[in-house]
Amino acid sequence: MRKLTSYSVRMRIAVIGQSLFGQEVYKELRKDGHTIVGVFTIPDKDGKADPLATEAEKDGVPVFKFPRWRLKGQAIQEVVTQYKATGAELNVLPFCSQFIPMEVIDHPRHGSIIYHPSLLPRHRGASAINWTLIHGDKKGGFTVFWADDGLDTGPILLQRECDVEPNDTVNTIYKRFLFPEGVKGTVEAVRLIAEGKAPKITQPAEGATYECIQKKDNAKIDWNQSAEALHNWIRGNDKVPGAWAEVDGQKVTFYGSSLVDNETAVNGQPLEIPGASQPGIVTKSGLVLFGNDGKTLLVKNLQFEDGKMIAAAQYFRSGSSAAVELTEEEKTFAEQMRAVWESILSNVSQIEDSTDFFKSGAASMDVVRLVEEVKLRASSCQLQNEDVYMNTTFKDFIQMCVRKLRGEDDEEELVVDYVSKNINNMIIKMPHQLFINGEFVDAEGGKTYKTINPTDGTAICDVSLAQISDVDRAVAAAKEAFEEGEWGKMNPRDRGRLIYRLADLMEEHQEELATIEAIDSGAVYTLALKTHVGMSIQTFRYFAGWCDKIQGSTIPINQARPNRNLTFTKKEPMGVCAIVIPWNYPLMMLAWKTAACLAAGNTVVLKPAQVTPLTALKFAELAARAGLPKGVINILPGSGALVGQRLSDHPDVRKLGFTGSTEIGKHIMKSCAVSNVKKVSLELGGKSPLIIFSDCEMDKAVRMGMSSVFFNKGENCIAAGRLFLEDSIHDLFVQKVVEEVKKMKIGDPLDRSTDHGPQNHKAHLDKLVEYCQTGVKEGATLVCGGRQVQRPGFFFEPTVFTDVQDHMYIAKEESFGPVMIISKFKSGEVDDVLRRANATEYGLASGVFTRDISKALYVSERLNAGTVFVNTYNKTDVAAPFGGFKQSGFGKDLGKANYRC
């Protein structure tokens, strides 16, 4: 609710002008209680009224649409008479392209005030914003001044200034400052007049400049200038009138200029430009141009004489794309968009494939509407305004939308050097390089290592091995994407659509992802499809829905009155988040941590486990194809000692999420504290107890007990590290478990009938052998298993130990493998078994099986663990927070509380 300021004078105001800016000023003046006695604007164009006229007509305010106010230098008296009849006490000219006679300017009691988009007396004239940029001014702003008979020479009433960013265009500085703050400033000027406090400050003669109106004829580029001067000329004419030059015998207009770091090597196809100091270079990022000082700038878009706009990177490929044939669903979408075009282009009787959006009368505000209409009908089609300018006919527009919907839009082609394999009845295509700033690149020095298939011990492929300089590059890219890129500024709902699109692409590639996961980590394919990949997709979809629901709160405070103080909190993204994940669930651990970071608007540098990098790199490819901007996702396969340590130490990383061993977690926590006190979340080791009472449902307890240990080959952070069986059911339970273990098929994870695949890697297999040997030496009873399977690969038998005493090593330390550790407890000794279950430094998960609800609640309340399963196990869900106590770490994955703000 807006509070109306109390003025001594409510004025009768005539608004003279046009455009959305004029519309907003008009609306704000009405909110402040002033009476708008008349709106004087331009005539309708192509049957469409100016936004200011539309708004005023809706309110019933008199609207006058004079084509001109003067004729042959003299005021048209009929026009002046109609104006004077309104009885205006003040004229407000927020944006006016017409010449207003002095007879009108001087008529009101308070005179006339004009908004001008420069810091007068600098840049008088109609192209003030253009010249602010062309001259490379470091400060810009606007002036509200009292109109006189000169050209922008009247006394200053109010000024506001802003910094001019290095790559600002007319459009960006207008949208960021000159429009929103200009509306506020114009309304504030009226308030000062109403209160009798408005100053009249004579403009100084010193520093005064006047420049001509920028038109197409005088916007030609003079190439004999420095790169910075060329950049300023191009951006100063972007979008109107557009800086141009002769290229290949035709007039080409340049848009989207930015200065480039000259230390970066430029690779691409040369483009001769008459008059330029050297040829431009068409790269996959755009057109690189050279100043006469040897420095460079980058141009994103080009427009030809026929109005067609293309991405500069597509210069040598423009017009080469074959038309796509539409599906029935796409044809329905096309007809919906035809109806939208008809509503926007109301002056066009029928929309044909050849109908040109702009030649039919569309303006810039129609572009904004068209982009939003597409979002309403196809949320996964993320258009930018430039997409409309580059596809002006209806046919080209639909083709462009359909390509985006299919994920085939290659405005900037993603280059992937795949390793392809024909396996699991499909061709899988695996990226194997680092992914930094939207590109797959080699590591420094071309360093690589081999990733091994645990099923047979053979090499899958060579993978780039990240070095410290690669980490620094990735963090810099993520920081730039967060601070300067579109990701941090993106509407949260649009961010959610991109994340959801990513989830859709993962679903389209789920069989390929599951196959890669199986050969890289040893996960059984059916489990990988359902859990490793399936839950990953669910996670991204879940957090996509949170993007526009992250909010703070308003807090009642003691000091709220009498000065109407207000206190509120905001949840804001932290910046660059580093993620270090383990090898047991390569894709799912990535999803659990990355999805939340992205939902909150952070950027990510992720180190997958060195032994399982391939699904993370495939994920990077899909993220790029989903449209996530450059630098938002960066993937660095490499060693923990090098890559993980550098991420822990890096001063530009603001949050680090780690899943792995307690020993490494402690080291990371120390490094994060010493470096820059970065925020940390840790999901570490576990020795999760599962208590099974005699009143359990036996068959279910056996089935779930086996799952609690052998799920994913025992490589499961919440695996039941120790089962406590009530003594009366001990023997029967063990008998049933052994019977079921003997039925388990150990073998190729791609075989649909396999129950138990290989352990992840050789070093882990060796540790399992040593672990079981230790249990035997300590006197535990080895009921079955305990050995490596004699076949190629890293297979280990499902193992069962009984008679495990509390002091034994295997009772206290986790195996992280398919080893069931069973201990007895006496009937009725509930508190004693709880003491034994809690006698561990870990507290990640736990479980209880009993038909007695009171006992279940009693036990679950006293188990010291982040998750307690009752009559079930391993039932994690994307909506439920997940994390541990004690030396199992702190912080949560998943659930509402886990958006990374």
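Note that the coordinates shown come from a computational prediction; the quantities given were computed from them, not determined experimentally.

The rules behind these values
Residues numbered from 1 in each chain as written. Predicted model: local features only at pLDDT ≥ 70, side-chain atom pairs only at ≥ 80, totals over all residues. Heavy atoms only, no water. Helix = DSSP H or I, 4+ residues; strand = E, 2+ residues; numbered from the N terminus. Buried < 20%, exposed > 50% of the residue type's maximum accessible area, 1.4 Å probe, protein only. Contact = heavy atoms within 4.5 Å. Lys, Arg positive; Asp, Glu negative; His and termini not counted. Charge placed at Lys NZ, Arg CZ, Asp CG, Glu CD. Phe/Tyr/Trp six-rings, centres within 6.5 Å; stacked < 30°, edge-to-face > 60°. Lys NZ or Arg CZ within 6 Å of the ring centre and 35° of its normal. Pairing = 2+ DSSP bridges. Salt bridge = Lys/Arg side-chain N within 4 Å of Asp/Glu carboxyl O. Axes fitted to C-alpha atoms, helices over the stretch in contact; angles between N-to-C directions. Parallel < 35°, antiparallel > 145°, perpendicular 65-115°, else oblique. Nonpolar A, V, L, I, M, F, W, Y, C, P; charged D, E, K, R; others polar. Domains from an automatic or database assignment. Buried area = accessible area lost by both parts, 1.4 Å probe. UniProt positions renumbered as here; feature names shortened; annotations may be inferred. Core = buried A, V, L, I, M, F, W, Y, C linked by side-chain atoms within 4.5 Å. pLDDT = per-residue confidence, 0-100. Polar contact = N/O pair within 3.5 Å; in protein donor to acceptor, adjacent residues only side chain to side chain. Left-handed = near helix turned anticlockwise from the far one by under 90°.

## Notes on the overall build of the chain
Within the chain, the regular secondary structure consists of 27 helices and 39 strands. Taking all 901 residues of the chain together, the buried fraction comes to 54%. Long-range pairs, those at least 24 residues apart, make up 69% of the contacts in the chain with a sequence separation of at least 6. If the 106 positive side-chain charges of the chain are averaged to one point and the 114 negative ones to another, these points end up 4 Å apart.

## Points about the packing of aromatic side chains
In total, this model carries 30 aromatic pairs according to the counting rule given. Note on Trp 131 and Trp 233: the rings are 6.3 Å apart at their centroids and 75 degrees apart in plane angle, and the pair reads as edge-to-face. Here Trp 233 lies in helix 8 (residues 227-236) and Trp 131 lies in helix 5 (residues 128-134), a separation of 102 residues in the sequence. For the residue pair Trp 131 and Trp 233, the accessibility class agrees, reading buried in each case. Taking the centre distance of 5.1 Å and the plane angle of 65 degrees together, the rings of Trp 592 and Phe 882 count as edge-to-face. Here Phe 882 lies in the loop between strand 37 (867-870) and strand 38 (885-886) and Trp 592 lies in helix 18 (residues 586-599), a separation of 290 residues in the sequence. Assigned by exposure class, Trp 592 and Phe 882 land together as buried. Here the aromatic residues Phe 21, Tyr 115, Phe 142, Tyr 174, Phe 177 and Phe 179 are joined through ring pairs into a cluster of three or more. We note Lys 251 situated over the ring of Trp 244; from NZ or CZ to the ring centre the distance is 4.3 Å.

## Quick notes on the pairing of strand 18 (residues 426-430)
Strand residues, when the strand is regular, have side chains that alternate between the two faces of the sheet. In strand 18, alternate side chains face the same way, and those of Met 426, Ile 428 and Met 430 are buried while those of Ile 427 and Lys 429 on the opposite face are not. As judged from the five bridges shared by strand 17 (residues 419-423) and strand 18, these two strands associate in the antiparallel manner. Looking across to strand 18, one finds that Ser 420 is bridged to Lys 429. Counted between consecutive antiparallel strands, the loop separating strand 17 from strand 18 contains two residues, among which Asn 424 sits at a positive phi close to 55 degrees.

## Looking at the pattern of salt bridges
Across all of its chains, the model carries 52 salt bridges by this definition. Across the pair Glu 57 and Lys 65 runs a salt bridge, and its minimum N-O distance is 3.2 Å. The residue Lys 84 makes a salt bridge to Glu 103 at a minimum N-O spacing of 3.2 Å. Of this pair, Lys 84 sits in helix 3 (residues 77-84) while Glu 103 sits in helix 4 (residues 102-105), and the two are 19 residues apart along the sequence. For Lys 84, a relative accessible area of 33% translates into the label partly exposed. Given the relative accessible area of 34%, Glu 103 is considered partly exposed. Connected through shared salt-bridge partners, Glu 372, Lys 375, Asp 494 and Arg 497 make up one network.

## Some points on the packing of helix 1 (residues 19-31) against helix 2 (residues 51-58)
Two numbers describe how helix 1 lies on helix 2: the axes approach to 7 Å, and their chain directions differ by 30 degrees. One element, helix 1, and the other, helix 2, form an angle in the roughly parallel class. On helix 2, the residues touching Ser 19, Leu 20, Gly 22, Gln 23, Tyr 26 and Lys 27 of helix 1 are Pro 51, Leu 52, Glu 55 and Ala 56. For the contact of helix 1 with helix 2, the class distribution of residues is five nonpolar, three polar and two charged.

## Thoughts on the environment of Pro 62
Mapped onto the elements, Pro 62 comes out in the loop between helix 2 and strand 3 (63-65). In contact with Pro 62, not counting residues within four places along its chain, are Val 37, Gly 38 and Val 39.

## Let's talk about helix 26 (residues 830-838)
Along helix 26, the residues classified as buried are Val 830, Val 833, Leu 834, Arg 836, Ala 837 and Asn 838. Of the surrounding elements, those touching the buried residues of helix 26 are strand 30 (688-692), strand 31 (720-726), strand 34 (819-825), helix 27 (853-862) and strand 38.

## Here's the deal with the sheet that holds strand 9 (residues 156-163)
On the basis of which strands lie adjacent, the open sheet formed by seven strands has the order 3-2-1-6-7-8-9 and mixed pairing. With one partner strand each, in any of the chains shown, strand 3 and strand 9 form the two edges of the open sheet. Across the sheet, the axes of successive neighbouring strands diverge by a mean angle of 15 degrees, strand direction being ignored. As judged from the three bridges shared by strand 1 (residues 12-16) and strand 6 (residues 90-93), these two strands associate in the parallel manner. Of the residues in strand 6, the one forming a bridge with Val 15 is Val 92.

## Here's the deal with the domain arrangement of the chain
Once the domains are mapped, the chain shows domain 1 (12-195), domain 2 (216-320), domain 3 (328-406), domain 4 (420-550 + 574-683) and domain 5 (689-900). Look at where the C-alpha atoms of domain 2 and domain 3 centre, and you get two points 27 Å apart. Counting from both sides, the interface comprises eight residues of domain 2 and, opposite them, seven residues of domain 3. Together domain 2 and domain 3 conceal approximately 570 Å² of surface at their shared face, both sides included; 50% is due to carbon and sulfur atoms.

## Observations regarding the environment of Gly 140
Within the secondary structure, Gly 140 is located in strand 8 (residues 139-146). Measuring from C-alpha to C-alpha, the distance between Gly 140 and Arg 122 comes to 9.8 Å, with 18 residues separating the pair along the chain. With near-sequence residues (within four places) excluded, Gly 140 lies in contact with Leu 119, Thr 132, Arg 160, Glu 161, Cys 162 and Val 164.

## Description of the sheet that holds strand 37
Taken together, the seven strands give an open sheet; going across it, the order is 32-33-34-31-30-36-37, and neighbouring strands pair in mixed fashion. Bordering the open sheet on either side are strand 32 (781-784) and strand 37, each of which pairs with just one other strand. Along the sheet, successive strands turn relative to each other by an average axial angle of 20 degrees, direction set aside. Strands in contact with helix 27 are strand 30, strand 36 (845-849) and strand 37; relative to strand 37, the strand with the most contacts, it is inclined by about 165 degrees.

## So, the UniProt feature "binding site: (6R)-10-formyltetrahydrofolate" (unreviewed entry) in the chain
Mapped onto the present numbering, the UniProt feature "binding site: (6R)-10-formyltetrahydrofolate" (unreviewed entry) falls on Gln 98, Phe 99, Ile 100 and Asp 152. In sequence the annotated residues extend across 55 residues, while in space they remain close, none of their C-alpha pairs exceeding 13.9 Å. The residue Phe 99 is located in the loop between strand 6 and helix 4 in this model. Residues contacting Phe 99, with those up to four places away along its chain left out, are Trp 69 and Arg 70. For Ile 100, a relative accessible area of 13% puts it in the buried group. The contact partners of Ile 100, leaving out residues within four places of it in the chain, are Ile 16, Trp 69, Leu 93 and Ile 105.

## Considering the nonpolar core
Core analysis: the biggest nonpolar cluster contains 102 residues, and Phe 540, Ile 633, Ile 692, Phe 733 and Met 820 have the highest contact counts within it. Ranked by residue count, the leading element in this core is helix 18, at eleven residues. Both domain 4 (420-550 + 574-683) and domain 5 (689-900) contribute no fewer than three residues apiece to this core. Apart from residues lying up to four places away in sequence, Phe 733 is in contact with Ile 692, Met 698, Ala 701, Val 702, Leu 723, Leu 725 and Met 820. Among the nonpolar cores identified, the runner-up in size contains 35 residues, and Met 11, Leu 29, Leu 52 and Tyr 115 belong to it.

## Looking at the confidence of the model for the chain
Per-residue confidence for the chain gives a mean pLDDT of 92, with 97% of residues at or over 70. Below a pLDDT of 50 lies the segment residues 1-7, which in the model reaches twelve contacts outside its immediate sequence neighbourhood of four places, other chains included.

## Description of the side chain of Thr 603
Structurally, Thr 603 is set in strand 26 (residues 603-607). Classification of Thr 603 by relative accessible area gives buried; the value is 0%. Looking at Thr 603, its side chain comes within polar contact range of the main-chain oxygen of Ala 478, at 2.9 Å. With residues up to four places along the chain from it excluded, the contact list for Thr 603 reads Ala 478, Lys 479, Ala 481, Phe 482, Trp 487, Gly 575, Val 576, Cys 577, Gly 631 and Val 632.

## Examining the packing of helix 15 (residues 492-508) against helix 17 (residues 525-544)
Helix 17 packs onto helix 15 with a crossing angle of 165 degrees between their chain directions and a minimal axis gap of 8 Å. By the angle between their axes, helix 15 is roughly antiparallel relative to helix 17. Of the two elements, helix 15 crosses helix 17, and the hand of that crossing is left-handed. Each of Gly 496, Ile 499, Tyr 500, Leu 502, Ala 503, Asp 504, Met 506 and Glu 507 in helix 15 lies in contact with helix 17, whose residues at this interface are Ser 536, Ile 537, Phe 540, Arg 541 and Ala 544.

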